[in-house]
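Report on the structure
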Amino acid sequence: NDIERLEAQGQVRIAFDNKLAVSNQAVYIIEERKLILEGPESKVVSGSNEIVGDRITFYRDDGRMILESADGNQVKAVIQSGQRGLN
């Protein structure tokens, strides 16, 4: 049997490529190469670039990220000029 998804809960830290993902809960769907981070102040950091939201969906194949908020919270993004962002 092949593994289809990985789930982690409680102070999750995932290092991949040149990024660090931090969240209360994470789900990685292997076939889709999709990482879903959930929980207040979930974030992905790459160097001095950072995105923060209550739910972050990261599509590893194309580098696309979807940030969502809950309960009126704001999503936040800090992307330094002259850099490649979070890629």
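Structure report, in brief. Computed from a predicted structure; not experimentally measured. Counting starts from 1 at the beginning of each chain's written sequence and moves along it residue by residue. The model is predicted, so local features are restricted to residues of pLDDT at least 70 and side-chain atom pairs to those at 80 or more, both for listing and for counting; the totals for chains, interfaces and linings are taken over all residues. Note that the side-chain values use all heavy atoms of the structure and ignore hydrogens as well as water.

**A short note on the pairing of strand β4 (residues 49-59)**
Inclusion rule: Burial classes follow relative accessibility: with a 1.4 Å probe on protein chains only, a residue under 20% of its type's maximum area counts as buried, one over 50% as exposed, and anything between as partly exposed. Helix and strand definitions follow DSSP, with helices as H or I runs of at least four residues and strands as E runs of at least two, each counted in order from the N terminus. Any two strands are treated as partners once DSSP identifies two or more bridges connecting them.
Burial runs high along β4: 8 of the 11 residues are buried. Inspection of the sheet shows strand β3 (residues 34-46) paired to β4 by 10 bridges, in the antiparallel sense. Counterpart to S42 in the pairing with β4 is G53. Connecting the antiparallel pair β3 and β4 is a turn made up of 2 residues, with G47 showing a positive phi of about 60°. Bridge count between β4 and strand β6 (residues 76-78): 3 bridges; the pairing is antiparallel. Counted as the bridge partner of I51 is A77 from β6. Here β4 folds back onto strand β5 (residues 64-68) in antiparallel fashion, the turn holding 4 residues, of which G63 has a positive phi close to 75°.

**Some remarks on the pairing of β5**
When a strand is regular, its side chains alternate between the sheet's two faces. When β4 meets β5, the two strands line up antiparallel, connected through 5 bridges. By the bridge assignment for β5, R55 is matched with E68.

**Comments concerning the environment of V78**
Here is the rule we go by: In what follows, a contact means two residues having at least one pair of non-hydrogen atoms within 4.5 Å.
Tracing the sequence through the fold places V78 in strand β6. Judged by its relative accessible area of 39%, V78 is partly exposed. For the pair V78 and G63, spaced 15 residues apart in sequence, the C-alpha separation works out to 16 Å. Apart from residues no more than four positions distant in its own chain, V78 is found in contact with S48, N49 and E50.

**Describing a nonpolar patch on the surface**
Applied cut-off: Within the patch definition used here, like charges are joined within 9 Å and nonpolar side chains (Val, Leu, Ile, Met, Phe, Trp, Tyr) within 5 Å, considering only residues with over 30% relative accessible area and no salt bridge. Computed by Shrake-Rupley with a 1.4 Å probe, the accessible areas treat only the displayed protein chains as cover when residues are assessed. Should a side-chain nitrogen of Lys or Arg be within 4 Å of a carboxyl oxygen of Asp or Glu, the pair is scored as a salt bridge.
Together, I3, L6 and I30 make up an exposed nonpolar region whose accessible area comes to about 270 Å². With respect to the helices, strands and loops of the structure, L6 is situated in strand β1 (residues 5-16).

**Observations concerning the environment of S46**
Basically, it comes down to this: Counted as a polar contact is a pair of N or O atoms within 3.5 Å, where, for protein atoms, one must be capable of donating a hydrogen and the other of accepting one, and residues adjacent in sequence contribute only when both atoms are in side chains.
Here S46 shows up in strand β3. Residue S46 is classed as buried on the basis of its relative accessible area of 5%. It is 6.6 Å that separates the C-alpha atoms of S46 and L20, two residues lying 26 residues apart in sequence. Of note is the side chain of S46, whose polar atom sits 3.2 Å from the side chain of N18.

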